[in-house]
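Chains, contacts and geometry: an overview
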Amino acid sequence: MKITNAEFIISAVGSAQYPDDGFPEIGLAGRSNVGKSSLINRMIMRKNLARTSSQPGKTQQLNYYRINENMYFVDVPGYGYAKVSKTQRAAWGRMIEAYFQERETLRLVLLVVDLRHAPTADDCMMHDWLTHYGVPVCVVATKADKISRNHLPKHVKQVRTTLGLSSDAPFVMFSAETGQGREELWDIINQHASVNS
């Protein structure tokens, strides 16, 4: 996938701020420190368009990135971060649920998990919630470069089993460091977004 243009558009806190140009949107969900920003940057081949932070829980809005003038990546606030107040978490929860359920231009959610560890209870809840509401999901297991080849099958099985993925559920092993999985993930995104690469 050739990226000709990528830009940050807006940090939205509600539907009134979402772009209204009708471009397909790809949401990214995952724990606060799972590496969604690094994934976005590797996908668009830019060093730091999406800001990576050493402080988990930094993303508190829906961050819209327009790619090639024909789709958006939408970085959703990370979940499972303890230092945020319950009130704040509840507000994020409502905003995210409304976005996932009501946004007509949302085509696919990338559920980002860390391949090194079993998915958390929050990961499982998010996956169950999305599938319950019929939102198309692709599980992206990052940090694939941190696991030796011999141990990969065990870790893949752990993620698949914990999330209860069917054998044909979209699943991509990804590394923001090496770019592993980038083209495969773009293929899946383009199928859902109906955008020609």
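Refer to the preceding data block for the structure.
A brief look at the structure comes next. (Residues numbered from 1 in each chain as written. Predicted model: local features only at pLDDT ≥ 70, side-chain atom pairs only at ≥ 80, totals over all residues. Heavy atoms only, no water.)

So, about the overall build of the chain. Summing up its helical and strand segments, the chain has 5 helices and 7 strands in all. Starting at the N terminus and ending at the C terminus, the chain contains elements arranged as β-β-α-β-β-α-β-α-β-α-β-α. When burial is assessed residue by residue, the chain has 49% of its 197 residues classed as buried. Relative to all contacts within the chain whose residues are 6 or more apart in sequence, the contacts with residues 24 or more apart total 76%. Here the chain has roughly 10000 Å² of accessible surface; of this, 47% comes from carbon and sulfur atoms. (Helix = DSSP H or I, 4+ residues; strand = E, 2+ residues; numbered from the N terminus. Buried < 20%, exposed > 50% of the residue type's maximum accessible area, 1.4 Å probe, protein only. Contact = heavy atoms within 4.5 Å. Areas by Shrake-Rupley, 256 points an atom, 1.4 Å probe, with all protein chains shown as cover.)

Turning next to the packing of aromatic side chains. Both the distance between ring centres and the angle between the ring planes are used here to describe each pair of aromatic rings. What the rule picks out here adds up to 9 aromatic pairs. Ring plane angle 80 degrees and centroid distance 5.6 Å describe the contact between Tyr18 and Tyr99, whose orientation is recorded as edge-to-face. One end of the pair, Tyr18, is in the loop between β1 (6–12) and β2 (25–30); the other, Tyr99, is in helix α2 (residues 86–102), with 81 residues separating them in the sequence. A relative accessible area of 1% places Tyr99 in the buried class. Where Phe100 meets Trp129, the ring centres are 6.2 Å apart and the plane angle is 50 degrees; that geometry is what we call tilted. In this pair, Phe100 is assigned in helix α2 and Trp129 in helix α3 (residues 121–132), connecting sequence segments 29 residues apart. For the pair Phe100 and Trp129, one class covers both residues: buried. Among the aromatic residues, those joined into a ring-pair cluster are Tyr18, Phe23, Tyr64, Tyr72, Tyr99, Phe100, Trp129 and Tyr133. (Phe/Tyr/Trp six-rings, centres within 6.5 Å; stacked < 30°, edge-to-face > 60°.)

With that settled, the discussion passes to the sheet that holds β2. With mixed pairing, the 7 strands of this open sheet are ordered in space as β1-β3-β4-β2-β5-β6-β7. The open sheet has two edge strands with one neighbour each: β1 and β7 (171–173). Put simply, the sheet's adjacent strands are angled 25 degrees from each other on average, direction ignored. Sheet analysis places β2 next to strand β5 (residues 106–114), joined by 6 bridges and oriented parallel. Bridge pairing in β5 links Ala29 to Leu111. Packed onto the sheet, helix α4 (residues 152–163) meets β5, β6 (137–142) and β7 and runs at close to 145 degrees relative to β7. (Pairing = 2+ DSSP bridges. Axes fitted to C-alpha atoms, helices over the stretch in contact; angles between N-to-C directions.)

Turning next to unusual backbone geometry. Phi angles above zero are rare outside glycine, and Met45 is one such case at about 55 degrees. Along the polypeptide, Met45 turns up in the loop between α1 (36–43) and β3 (62–67). A relative accessible area of 51% means that Met45 is categorised as exposed. Unusually for a residue other than glycine, Glu69 sits at a positive phi of about 55 degrees. Tracing the sequence through the fold places Glu69 in the loop between β3 and β4 (71–75).

None of this, on its own, says anything about what the molecule does.
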